[in-house]
Amino acid sequence: MSLKINQERNIIDSLLRSEDFALEMAQTLDAAYYIGLNETPPPFLSKSEETASVQMSQKEEKIAINLAGFYALECGLGALCSQTHQKPTDLLQILVEKKAASATMLLLNRFANATWKAGQPFRDLDRIKRPIFKAASLLPKDEVQKDYDQIVAAAGKLLASMQEVRGSSLEDQMKKIRSLLQDESFAFDIASFLDSTYYTAQKQIPPPFLSPEEEKATITKSVKGQKIATNLAGFYALECGLDYLQTTQHKLPSEILKSIKDGTVSQADKQLLCRFANATWKAGQPFRSLKRITRDTFTPFYFLTEADIEKDWVQVKAVAGLVLDKL
C-alpha cells in the first residue's frame, strides 16, 4: 500500500513541474468553467493572445506575493471553525501562543502550500519547474517551517485587527474578517508585515517593503502565461487537499480521486476541497489586480452561496478526472 501511495504521489509530483501539463490542465479547467455554466467553451487562447503582453504594477505584484499566508490562514481558519465550532479569535489566540495541535498545523500548512503554489505561475510559469515546487508531503522540514511561520505571523496581525469583535458572535467575527479581506489598505499592511517577518524568521534584517522605484514600476507579463496561471488554481487546490486527505486517511490518491469523480466522496471531504479551491482562487486575484479583492465574492467561505461553492466543485472534479487519467 505504502509503495503504491509513493508511486502515485511521485507521478502527481512530476505533473506539478510540467509546463505541458500546466497548459493541458489550464485548458481543461477553463473549458470546465464554461461547461458548468451550460455554455460552449471558447478557444482557450486567441491568436493575438498567444503572443500578446500586458503591463502589471510591480507594487501590486509585491503585495500579491506576500498575501499567500494571509489567505491560507483565513481559509484554514474557516475550516477549523467549522470542524471545532470555535470562534476565529479563539483559534487565532491558540496559534499566536504556538499551542496548536499537530493536526491543526498540518491542515494550515497544506493551505499555505496551496496558496503559495497558486501565486507562482503568475510571477512566471518557469517557477513551477523549480525543485521546491513539489508535492506538499515531500517538502523538507525547513520549507514547512517557513510556511508555518507565515501562518503564525498572519494570525498575530489578524488577531490584533479583530479585538473589537473578540467577544462577539461567530457571525460578527466572520463579517469583520470579510471587511478586512476586502480592504486594500489592510492587504498592504499585512503583506508588508509578512514580508518583514519572513526575513526576521531567517535571522536577516528586513529590507524596505517597496523601493521608490518599485512604487511606480510596471512589469511586462505574457497574456498567455497569465491566462494559464488564472486557470491553475483548481489544480493546486486539489493537489494540496488530496495530499492532506491521503495523509490523514491513509488512502491511495487514486482512491480519493475516484470518489471525487464518481460523486461518492463524503460531504466533509467535498467541503474541505472546496475550501482549498477558494483559497487558491483568492491567492490569484491580487496578481490580476488588487481591486479584485474588493468584490462581494471575495469573502469568507462562511458567506458563499451554494452556487458559488458548486462552481469550485466543478473545477475540483475536472482536476480529479484529469489527474486520475495520468495515474
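Thresholds, definitions, all that
For every chain, the first residue of the written sequence is number 1, and numbering continues from 1 along that sequence. At least 70 in pLDDT is required for a residue's local features to be given in this predicted model, at least 80 for side-chain atom pairs to be given and counted, and no such filter applies to totals for whole chains, interfaces and linings, which use all residues. Based on all heavy atoms of the structure, the side-chain values leave hydrogens and waters out of the count. A pair of aromatic rings is counted whenever rings of Phe, Tyr or Trp (Trp by its six-membered ring) have centres within 6.5 Å, and the orientation is called stacked for planes under 30 degrees apart, edge-to-face for over 60 and tilted otherwise. The secondary structure listing takes helices from DSSP runs of H or I that are at least 4 residues long and strands from runs of E that are at least 2 residues long, numbered from the N terminus. A 1.4 Å probe rolled over the protein chains alone gives each residue an accessible area, and that area as a share of the maximum for its type sets the label: buried under 20%, exposed over 50%, partly exposed in between. Within this scheme a cavity is a closed region of a 1 Å grid, computed over the protein atoms alone, that accommodates a 1.4 Å probe without allowing it to escape, whereas a pocket is open but has protein on both sides within 12 Å along at least five of seven lines; lining residues each have an atom within 4 Å of a point. Grid points are joined across faces, edges and corners, and a volume is the space filled by probe spheres set on the points. What qualifies as a polar contact is a pair of N or O atoms within 3.5 Å, subject to a donor-acceptor requirement within protein and to the restriction that residues adjacent in sequence count only when both atoms come from side chains. Contact criterion: two residues are considered in contact whenever any of their non-hydrogen atoms come within 4.5 Å of each other. In a helix, the anticipated span is given by 1.5 Å times the number of residues less one. In this analysis, axes come from line fits to C-alpha atoms, helices being fitted only over the stretch in contact, and the angle between any two N-to-C directions falls in the range 0 to 180 degrees. Angles below 35 degrees are treated as roughly parallel, those above 145 as roughly antiparallel, those between 65 and 115 as roughly perpendicular, and all remaining angles as oblique. Helix crossings fall into two classes, left-handed where the near helix is turned counterclockwise from the far one by less than a right angle and right-handed where it is turned clockwise. Three classes are used: nonpolar for Ala, Val, Leu, Ile, Met, Phe, Trp, Tyr, Cys and Pro, charged for Asp, Glu, Lys and Arg, and polar for all others, with Gly counted as polar. In this description, a disulfide is simply a cysteine sulfur pair whose atoms lie within 2.5 Å.

Draft legend 1. The packing of aromatic side chains, seen in detail. Within the structure shown, the criterion is met by 14 aromatic pairs. Measuring from centroid to centroid gives 5.4 Å for F21 and F235, while their planes differ by 75°, and the two rings are edge-to-face. Separated by 214 residues along the polypeptide, F21 in helix 2 (residues 19-36) and F235 in helix 13 (residues 233-249) bring together distant segments of the chain. With relative accessibility at 4%, the residue F21 sits in the buried group. For F235, a relative accessible area of 2% corresponds to the buried category. With 5.5 Å between their ring centres and 35° between their planes, F70 and Y71 make a pair best called tilted.

Draft legend 2. Inspection of empty space enclosed by the protein at higher detail. This model, assessed by the stated rule, comprises two cavities of 30 Å³ or more. The space that makes up the largest cavity amounts to roughly 60 Å³. For the largest cavity, the full set of lining residues is R9, I12, A135, E239, L242, D243, Q246 and P253. Broken down by secondary-structure element, the contributors of at least two residues to the lining of the largest cavity are helix 1 (2-16) and helix 13.

Draft legend 3. Focus on the side chain of Q315. Mapped onto the fold, Q315 is located in helix 16 (residues 306-326). Here L29 takes part through its backbone oxygen, which lies 2.9 Å from a polar atom of the side chain of Q315. Ignoring anything within four residues of it in the chain, the contact list for Q315 reads L29, A32 and Y33.

Draft legend 4. Representation of helix 5 (residues 68-84). Its 17 residues give helix 5 an end-to-end C-alpha distance of 24 Å, which sits within 8% of 24 Å, the value for a rise of 1.5 Å per residue. Counting buried residues along helix 5, 14 of its 17 residues qualify, which places the element largely inside the surrounding structure. Downstream of helix 5 by a residue or two, H85 has a phi angle that is positive, lying close to 60°.

Draft legend 5. Highlighting helix 14 (residues 253-262). Of the residues making up helix 14, those classed as buried are P253, S254, I256, L257, S259 and I260. For helix 14, the elements touching its buried residues are helix 1, helix 13, helix 15 (267-288) and helix 16.

Draft legend 6. Structural detail: the packing of helix 5 against helix 7 (residues 102-123). The interhelical angle for the contact between helix 5 and helix 7, taken along N-to-C directions, is 140°, at an axis separation of 8 Å. As judged from the angle between their axes, helix 5 and helix 7 are oblique. Where helix 5 crosses over helix 7, the two elements pack in a sense that is right-handed. Along the contact surface, helix 5 presents A68, Y71, A72, C75, G76, L77, A79, L80 and Q83, while helix 7 presents T104, L107, L108, F111, A112, T115 and W116. Looking at side-chain class alone, the contact of helix 5 with helix 7 contains 12 nonpolar, four polar and no charged residues.

Draft legend 7. Main features of the state of the cysteines. In the structure shown here, the tally under the stated rule is zero disulfides. With no disulfide of its own, C75 lies 12 Å from the sulfur of C274, the closest cysteine sulfur. C75 gets classed as buried once you look at its relative accessible area, which sits at 5%. With no disulfide of its own, C240 has C75 as its nearest cysteine by sulfur position, at a separation of 13 Å.

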